[in-house]
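Residues per chain are reported as follows:
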Amino acid sequence: MIGMALDYLAFERIILLIKDRLVGGKVVKISQISNEEFLFVVRKDNQNNNLLISTHPNMSYLNVVKDKPDSNHISSNLLMLFRKHLENGRVVSFEQQNEDRIVLCSIANRDDYFRNTTHKLYIELIGRASNIILTDENNVIIDSLKKIPLEYTNLRTIQPGIKYVLPSKPENEKTPYDLENEMQFTSKSLDQIKQEILNSSSIFITKKDKKVDFHFIPFTFMEGEIKEYKWNEGLDAFYSSSLANERHRQVTNEMDKLARNEIKKSEKKIKKLQEELQFAKQAIIYKYYGDLLLTYMQGVQLTTDNVEVYDEAEEKMVKIAIDKRYDVYYNANQYYKKYQKSKVAVVKISEQIEICQDNIEYFTSVKYHLETADVLTASQIKEELTNLGYFKKYQKPVKKNNKKNAKKQEKVYKPLAIKYENIMIYVGQNNLQNEYLTFKMADKTHMFFHVQQGPGAHVVVMSNNIDEKLKRFVANIAAYYSSYKNSSTVPVNYTLVKNIKKIPGGKPGKVIINNQKTVYVDPDYSLFKDFIVN
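Basis of the calculations
- Residues numbered from 1 in each chain as written.
- Predicted model: local features only at pLDDT ≥ 70, side-chain atom pairs only at ≥ 80, totals over all residues.
- Heavy atoms only, no water.
- Helix = DSSP H or I, 4+ residues; strand = E, 2+ residues; numbered from the N terminus.
- Buried < 20%, exposed > 50% of the residue type's maximum accessible area, 1.4 Å probe, protein only.
- Contact = heavy atoms within 4.5 Å.
- Core = buried A, V, L, I, M, F, W, Y, C linked by side-chain atoms within 4.5 Å.
- Pairing = 2+ DSSP bridges.
- Axes fitted to C-alpha atoms, helices over the stretch in contact; angles between N-to-C directions.
- Parallel < 35°, antiparallel > 145°, perpendicular 65-115°, else oblique.
- Left-handed = near helix turned anticlockwise from the far one by under 90°.
- Nonpolar A, V, L, I, M, F, W, Y, C, P; charged D, E, K, R; others polar.

**Considering the overall build of the protein**
Argument step 1. Of the regular secondary structure elements, the protein holds 10 helices and 22 strands.
Argument step 2. Viewed in the frame of its principal axes, the protein has a C-alpha envelope of about 115 × 65 × 60 Å.
Argument step 3. Each of the 534 residues in the protein was classed as buried or not, and the buried ones make up 44%.
Argument step 4. If you take every contact in the protein between residues at least 6 apart in sequence, the share linking residues at least 24 apart comes to 59%.

**Some remarks on the nonpolar core**
Argument step 1. Core analysis: the biggest nonpolar cluster contains 58 residues, and Ile18, Phe40, Leu62, Phe82, Phe94, Leu121 and Tyr239 have the highest contact counts within it.
Argument step 2. The dominant element in this core, judged by the number of residues it contributes, is helix H1 (residues 8–22), at 9 residues.
Argument step 3. The residues contacting leucine 121, other than those within four sequence positions of it, are Phe40, Phe82, Leu86, Val103, Leu104, Cys105, Ile132, Ile133 and Leu134.
Argument step 4. The next biggest cluster of nonpolar side chains, apart from the first, holds 28 residues, and it includes Tyr368, Tyr420, Val521 and Phe528.

**Some points on the sheet that holds strand E15 (residues 416–420)**
Argument step 1. Across the sheet, which stays open at both edges, the 6 strands sit in the order E15-E16-E18-E17-E19-E22 with antiparallel pairing between neighbours. Each edge of the open sheet carries a strand with a single partner, namely E15 and strand E22 (517–521). For this sheet the average axis-to-axis angle between neighbouring strands, irrespective of direction, equals 25 degrees.
Argument step 2. Alignment of strand E17 (residues 447–451) against strand E18 (residues 459–461), held across 3 bridges, turns out to be antiparallel. If you follow phenylalanine 449 over to E18, its bridge partner there is valine 459.

**Focus: the packing of H1 against helix H4 (residues 190–199)**
Argument step 1. Closest axis-to-axis distance for the H1/H4 pair is 9 Å, and the angle between their directions is 30 degrees. What the angle tells us is that H1 and H4 run roughly parallel. In this structure, the crossing between H1 and H4 has a hand that is right-handed. Contacts from Leu9, Glu12, Arg13 and Leu16 of H1 reach H4 at Lys194, Ile197, Leu198 and Asn199.
Argument step 2. A breakdown of the residues in the contact of H1 with H4 according to their chemical character gives 4 nonpolar, 1 polar and 3 charged.

**Quick notes on the packing of helix H7 (residues 328–371) against helix H8 (residues 375–387)**
Argument step 1. For the pair H7 and H8, the least separation of the axes is 10 Å and the interaxial angle reads 160 degrees. One finds that H7 runs roughly antiparallel with respect to H8. Between H7 and H8 lies a crossing whose hand is left-handed. Two secondary-structure elements touch here, H7 through Tyr362, Phe363, Val366, His369 and Leu370 and H8 through Ile381, Glu384 and Leu385.
Argument step 2. For the contact of H7 with H8, the per-class residue count stands at 6 nonpolar, 1 polar and 1 charged.

**Some points on the sheet that holds strand E12 (residues 225–230)**
Argument step 1. Reading across from one edge, E11-E10-E12 is the order of the 3 strands in this open sheet, with antiparallel pairing throughout. The sheet terminates laterally at strand E11 (211–215) and E12, the two strands that pair on one side only. Across this sheet, the average inter-strand angle for adjacent strands is 20 degrees, counted without regard to direction.

Following this line, the structure appears as structure tokens:
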């Protein structure tokens, strides 16, 4: 949706509007939303103002948003420093710098020794070079989102301990292209346009074909659809969708990479284990050697490192390596010991192969769920992987509670809801939703559906009385929400929920299905899309 960069005139007006909301307010909380976004909650006049700062190369902007965006719970050293030096401080000033897309936010606070201090936050929203830089009151850099080392002599050095220097002031700043077109179309001067912008508290989003632009004045030259918003709501409408997609991309890419690596690692391990298994299975020859030595021990001469024994059953001579220092019983016993070790190895290796196969199956299901996951579903998948130890756990601040035995609130993983002929059908969109639906929401007498032999959603009909029409309708849903959605004649198993059992110690979402029947369907989204409730 992004159609233009934030120009310096729009930026100037945004800073003035944000300034009224923040200056004099208290910074009560700071969080990092994504790799390039921070959220500062500033309380002023008994109201929280959520200052969102995005330094994304293609979506660099700042805004006071109404609702807090979904967070990926990123923890970084810079965030820790922001919290240490800026939280609980007062916003003293919020000013544009160099008539460019740079803003200086000064925050007064007390240090660890209760001395009054002022820290400066330089927010540079200048495309690919966008940055957030924290300095002390003397402009000495404490830390920054992006760092530029001394070796880059053609660029400003941005490193802790170096004095911060503003970028060079733009010379002969050109009038933004769209404003030039608007001036020509309306015969207005630049000063008139500037005055209209400074007097406006509305954002106008103009759409024509695939082009989308916004400003504090409507772009009549585009002759497209124009929508007017309150300034911060307009900015949110323009940027939020793209930023949400970017946050989603960041978190899903991270998990998709993990899933691919785990599958690759398990496949490589299986290959090696199968080679070891073949070798271990061949060890039955040790028992054969031991048997021959004991059976024909009278004819065995222990004079060399190898003996030849005639196997009457096979009618052939068999050459067997021995230790001539010991008798036949000892040599035979050594072969029996090797045979026993190999038997144990076969069992252990087979168990490891099964673990690797389960791992491949699990991460294949994770990859499938990520393909269709929205932000909420993706965050639940991240939570699932975090619980399994694949990601570092985010520790929420502990709230004081006077109740010693306060009951821990159980988490709810709400599945997709579909209503068909007054019967509710629920679809799990990740493994946490699958488990919650099957083992928490559903009754034992409800009907369970799942695609046969493949990753997919748990689908439960909240009824035990289903006719052929409803059965095929739900089977179509289960087939569509599976890895076989683009196939035909997909087999779908169905049974009562009471016949579904969790595998003890198994990965989330993996179950054993008993007493199932099978129906074959061709997945078709159009058959149920109008019945989706949420």
